[in-house]
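# An overview of the molecular structure
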Amino acid sequence: MRRILRLMLLAAGDYRDEFRRTLWCAFLGSILQAAAYATLIPILYELSQPDVNTTVVWTWFGVLVACWVFQAAFHYGQLRFEFGRWADVLAATRLRLGDTLRTMPQADLERRAAGDLTTVMGSNVANATMSSSGMALLFIQMVTVPAVIGVIIIGIDWRLGLVLAVSLPFAVLFVRRIQQITGAGARRTDAADAAAASRIVEYVQGLPVLRATGQIGSSSQRLVETLEEQNEAMSGMQKRLTWPGLLASSVVQLCLVVMVAVGSALVLDLDMSAALLIAVVAAAVRFAEPLSTMANLSAIFEITDSALERVGAVLDAPALPVGEPEARITGYDIEFADVHFAYPDGSPVLRGVSFTAPARSLTALVGPSGSGKTTVTRMLTRYADPEAGSVRIGGLDLRDLDPVEIYRNIAVVFQDVYLFDDTIRANIAMAAPDATQEEIEAAARAANVHTFVERLPRGYDTRVGEIGGALSGGERQRISIARAILKNAPIVLLDEPTAALDTESEVYVQDAIDALVAEKTVVVIAHRLSTVVAADQILVLEDGLVSERGTHDELLARQGRYSAMWEAQTRARHWRVTASV
Ligand SMILES: Nc1ncnc2c1ncn2[C@@H]1O[C@H](COP(=O)(O)OP(=O)(O)OP(=O)(O)O)[C@@H](O)[C@H]1O
C-alpha cells in the first residue's frame, strides 16, 4: 500500500498536497460513515425496550445526523478533487512525462519501443491518474468502515465479534489470491498492450513493404501473434479469477449466515434481545459488503497499480546529469579526446576516437558500414556520455552542458526525414517558431523548396499529410534542410542526406546543403567519397578508430585505406557508365 501511495503521490506531481488532503477527507469521512451505521444499534435497541426512553433515542438520532452531515462535508472535499482536479492532474502528468522523455538520455529512450511509450502516455497515464484517486478513496473506505464496525460489534457482543474475526482471515486470503492473479494478469496485459501498440505502429509504417511481400492482415504473422498474446493475457486472467472470486464472496455470505445462527441461539437462550441482534446484523452487512466489493474490484485495483508502476518508471527515469546547467556555448570547434563508447547490449563501438574540427571547417567521416560514423555524430548531440574520454564543443565538455543548449547550437539533417502532419510552413518553422514569413521563405528559397511549394495549390499552407506520398524523397529532404537553414545553428551534422536520392534530386539537395553549411562547423557522414573531395579534413573510421586523416589529396597520396576506397568507387562508377553505354 505504501508503494502504491508513493506512486500515486508521484503521479499527482504538483497536486500532491491537495491529493494528501483528499485522502484525509476520505479517511475521516469513512470513520464518520461507519459511526453513523453504528448509531443504529443503540437506536434500535432502545426502541425495542418496553419503556422507550425518547431522550436517548433522539440523542442518538442527533449523533447520527451529525455524523452524516460531517461525513457529507468530507465527501464533498473528496469529490471536489476527484472530479474537479484529476483532469488537470492528467494533463500535467502527460506534460511531465513529455518533459522526462525530453531530458531522458536518447539511448534510454531508444531502448523503449514507440508503442510502449504510446501506451504509457495514453491509457497507462489515464488509468494511473483518473482511476487512482477513485481507487485510493474506495480502498480507504473499504478498510476503515469494516474496521470501525468490527470494533463496535466486538464491544457489543464478543461472540458475534468472534464470528467476524474468524471469517476475516479467510476473506482476506481469497482477496489476496485474487490480487495476485489480477496483479500478474494486469502486468501481462499491459506488456501485451504495449507490444501490440508497437507492432501496430510497425505494421502501419511498414505497410508498403508488407504489401510488396504479401504479408498483409492475418498473414502478417508478427502482428497476429502479438494480438493473440493480448487476447490470451486478458481472457486467461478472467478464467483464473472465477474460483477465488466465488470463494471470497461465499466466505462473506457465510459469515453473515453464521452470525445470524449464533445470534439466534443467543436470543433463544435469552442472552441477547432480538432487537439488538437485528441491529448488529444490519451493521454487520456494512462490515461484509466492502470485502466482497474489494474482491470484485481488485482487477481494477491491479490495473491501476500496474499503470502507476509503468508511469512511475518513466517519471523516475534519471535525466542526463548536467555539470553546469548555466554554461553557454560560445566557441564552435569540436574536439573528441580518446572517446570510448559501447551500446548497452553490444561490444565497444568507439575505441579511442580522437580528432579536432576547427570552427567553420568541414570534416567528413568515411569508412565501412558499422565502423562507428553515426555513433560519432550521436556523441556530438549527447545521445549518451562516453565511457572514457571527452567530447567538447568550444572547449566545453558536453557532460557539463544542458542538452537543450547543445541542440540550440546544432542543426542535424538525417537521411530519413521526419515531417509532421502539419503545413509545410509549420514544418520548416519547427526549429524557429518565431520566424517571420519572410525568413521562412528565404530559408525555403535557399533550400530549393520554394520552386515546388509554389506549384502546390495552397503553397506553404499545404498540409504534408494531404500530399504525403506526393513529396519525393528529395523534396522532403529539402524541407528538412530549409528547417536547418532557418535554425541557423553554428554547427551542422549531416548524415548522408543525398545517399538515397536520384541524380536530379541530388543536385537540388546538394545546392541546398551548400547554402546550409556556409560559414558553419560541419561534420558530414559520406558514403560517396565524391561528395567530400573538398572537405578540410577526411577521417577514415575503421572498427571504432580513426585509422587515417587528411585532405583528399593527402589521403590519396598515402595509398592507404582511403585511396583503396576511392579506387573502388571510381572503378564502380566507371563500370556503371560503360555498362550503360
Ligand atoms: N542503438 C544501437 N544499439 C546497439 N548497437 C548499435 C546501435 N546503433 C548502432 N549500433 C552498432 O554500433 C556499430 C556502429 O554503428 P554506426 O551506425 O555508428 O556505424 P556506421 O559507420 O554509421 O554504419 P553505417 O555506415 O552502416 O550507417 C554497429 O555495429 C551497429 O550495429
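Every value quoted in this text rests on a predicted model; they were computed, and no experiment measured them.

Moving on: the overall build of the chain. Check the secondary structure of the chain and you find 20 helices and 10 strands. The C-alpha atoms of the chain give 35 Å as radius of gyration, which overshoots the globular expectation for 581 residues (25 Å, by more than 25%). Seen through its C-alpha atoms, the chain measures out along the principal axes to roughly 120 × 55 × 50 Å. Here the chain holds 581 residues, and 46% of them are scored as buried. Within the chain, counting contacts between residues at least 6 apart in sequence, those at least 24 apart form 77% of the total. With the model as given, the accessible surface of the chain reaches about 28700 Å², and the carbon-plus-sulfur share is 60%. Here the chain holds 51 positive side-chain charges and 64 negative ones, and the gap between their average locations is 2 Å.

Core analysis: the biggest nonpolar cluster contains 48 residues, and V366, I428, V449, I481, L494 and L516 have the highest contact counts within it. For this core, the leading source of residues is helix α17 (residues 473-487), giving six residues. Ignoring sequence-local partners within four residues, the contact set of I481 consists of V413, A447, V509, A512, I513 and L516. Within the second largest apolar cluster, 32 residues are counted, among which are A327, L365, L493 and V546.

Across five bridges, the pairing between strand β1 (residues 334-342) and strand β4 (residues 388-393) is antiparallel. Within β4, the residue paired with E335 across the bridge is R392. As paired elements, β4 and strand β5 (residues 396-397) share two bridges and run antiparallel to each other. Considered in β5, the bridge of R392 is made with D397.

Once that is clear, we can look at the packing of aromatic side chains. Inspection of the entire model under this criterion finds seven aromatic pairs. On the numbers, 5.9 Å between centres and 80° between planes, the contact of W24 with F27 is edge-to-face. Of the two residues, W24 and F27 are both situated in helix α2 (residues 16-47); the distance of three residues between them amounts to about one turn of the helix. Given the relative accessible area of 54%, W24 is considered exposed. Their ring planes at 15° and their centres at 4.7 Å tell us that F336 and F355 sit as a pair that is stacked. Placement of the pair is F336 in strand β1 and F355 in strand β2 (residues 348-357), with a sequence separation of 19 residues. Here F355 falls in the buried class, since its relative accessible area comes to 4%. Three or more aromatic residues joined by ring pairs make a cluster, and in this case those are F341, Y343 and Y383.

On to the site of the ligand, then. Among the 15 residues in the neighbourhood of the ligand, the closest are listed as S369, G370, K373, T374 and T375. The separation between an oxygen atom of the ligand and a polar side-chain atom of T374 is 2.6 Å. T375 is positioned such that a nitrogen or oxygen atom in its side chain is 2.4 Å from an oxygen atom of the ligand. Contact with the protein chains removes 63% of the 630 Å² of surface that the ligand exposes when unbound. With four residues, the top contributor of residues to the shell around the ligand is helix α11 (residues 373-380). Its residues placed into classes, the shell around the ligand shows four nonpolar, seven polar and four charged.

Here we take up the sheet that holds strand β8 (residues 521-525). The six strands lie next to each other as β6-β7-β8-β3-β9-β10, forming an open sheet whose pairing is mixed. The outermost strands of the open sheet, each flanked by one partner alone, are β6 (410-413) and β10 (545-550). The mean inter-strand angle of the sheet, taken between neighbouring strand axes irrespective of direction, is 20°. Bridge count for strand β3 (residues 362-366) against strand β9 (residues 537-542) is four bridges, and the pairing is parallel. Counterpart to L365 in the pairing with β9 is L539.

Once that is clear, we can look at the domain arrangement of the chain. Domain assignment breaks the chain into domain 1 (2-184 + 242-315) and domain 2 (334-580). Inter-centroid distance (C-alpha atoms) of domain 1 to domain 2 is 59 Å. With six residues of domain 1 at the contact, the number on the domain 2 side is five residues. Here domain 1 meets domain 2 over a buried area of about 440 Å², counting both sides, of which 55% is carbon and sulfur.

Moving on, we get to the sheet that holds β1. Where strands meet in a sheet, backbone hydrogen bonds hold them as pairs that are either parallel or antiparallel. A sheet is described by the order of its strands in space; here four strands give the open sequence β2-β1-β4-β5, paired in antiparallel fashion. Of all strands in the sheet, those with a lone pairing partner are β2 and β5, marking the two edges. With respect to the sheet, α11 is in contact with β1, β2 and β4, its orientation differing from that of β1 by roughly 115°.

Okay, helix α3 (residues 54-84) next. Along its 31 residues, α3 runs 43 Å from first to last C-alpha, staying within 8% of the 45 Å computed at 1.5 Å per residue. Of the positions making up α3, those classed as buried are V57, L64, C67, Q71, Q78, F81 and E82. For α3, the N-terminal cap is N53; the gap from its side-chain oxygen to the backbone nitrogen of T55 is 3.1 Å.

Another aspect to go through is the environment of D397. Checked against the element boundaries, D397 lands in strand β5. Taking the C-alpha atoms as reference points, D397 and S530, separated by 133 residues in sequence, lie 33 Å from one another. With residues near it in sequence (within four places) discarded, D397 still touches S390, V391 and R392. A polar side-chain atom of D397 sits 2.9 Å from the main-chain amide nitrogen of R399.

Attention shifts here to the side chain of D157. Position of D157 among the secondary structure elements: in the loop between α6 (114-156) and α7 (158-205). Accessibility expressed as a relative area gives 7% for D157, which makes it buried. For D157, the side chain forms a polar contact with the main-chain nitrogen of R159, separated by 2.8 Å. Not counting residues up to four positions away in its chain, the partners in contact with D157 are L266 and M272.

Our focus in this paragraph is helix α4 (residues 86-103). Side chains three or four residues apart in an α-helix point the same way, a direct result of the helix having 3.6 residues per turn. With 18 residues, α4 should cover 26 Å at 1.5 Å per step; its first-to-last C-alpha distance of 25 Å lies within 8% of that length. Where α4 is concerned, the buried positions are W86, V89, L90, T93, L97, T100 and L101. For α4, the buried positions fall inside an angular range of 110° around the axis, keeping them on one side. The exposed residues of α4 that point more than 90 degrees off its buried face are L95 and R102.

Basis of the calculations
Position numbers for residues count from 1 along each chain, tracking the sequence in the order it is written. With pLDDT at 70 or above as the cut-off, local features in this predicted model cover only qualifying residues; side-chain atom pairs require 80 or more to be listed or tallied, and sums for whole chains, interfaces and linings still use all residues. Computation of side-chain values: all heavy atoms of the structure, hydrogens and water removed. Secondary structure is summarised from DSSP: a helix means a run of H or I of at least four residues, a strand means a run of E of at least two, and numbering begins at the N terminus for each. Within these notes, the globule rule equals 2.2 Å times the number of residues to the 0.38 power, and the radius of gyration is based on C-alpha atoms. In this scheme, a residue with accessible area under 20% of its type's maximum is buried, one over 50% is exposed, and one in between is partly exposed, where area comes from a 1.4 Å probe on protein chains only. By the convention used here, residues are in contact when the closest approach between their heavy atoms is within 4.5 Å. We get accessible surface area from the Shrake-Rupley algorithm with a probe of 1.4 Å; when it comes to residues, only the shown protein chains can shield them. In this tally, Lys and Arg are treated as positive and Asp and Glu as negative; His is ignored, and so are the chain termini. The atom standing in for a charge is NZ when the residue is Lys, CZ when it is Arg, CG when it is Asp and CD when it is Glu. Grouping buried Ala, Val, Leu, Ile, Met, Phe, Trp, Tyr and Cys residues that are joined through side-chain atoms within 4.5 Å yields what is termed a nonpolar core. A pair of strands is considered paired only if DSSP assigns at least 2 bridges between the two. For this analysis, a ring pair means two rings from Phe, Tyr or Trp (six-membered ring only for Trp) whose centres lie within 6.5 Å, classed as stacked if their planes differ by under 30 degrees, edge-to-face if by over 60, and tilted for the remaining angles. A single heavy atom is enough: if one lies within 4 Å of a molecule or strand, its residue is considered near that molecule or strand. In protein, a polar contact requires one atom able to donate a hydrogen and another able to accept it; more generally it is a pair of N or O atoms within 3.5 Å, and residues adjacent in sequence count only if both atoms are side-chain atoms. Side-chain classes are defined by residue name, with Ala, Val, Leu, Ile, Met, Phe, Trp, Tyr, Cys and Pro counting as nonpolar, Asp, Glu, Lys and Arg as charged, and the others, Gly among them, as polar. Here the axes come from fitting lines to C-alpha atoms, over the contacting stretch only for helices, and the angles between their N-to-C directions go from 0 to 180 degrees. Segmentation of the chain into domains, including their bounds, is taken from an automatic or database domain assignment. The buried area of a pairing is the accessible area, by a 1.4 Å probe, that goes missing from both parts when the two are put together, added over both. To estimate how far a helix should extend, the number of its residues minus one is multiplied by 1.5 Å. Picture the helix axis, draw a direction to every C-beta atom, and the arc is the one those directions span.

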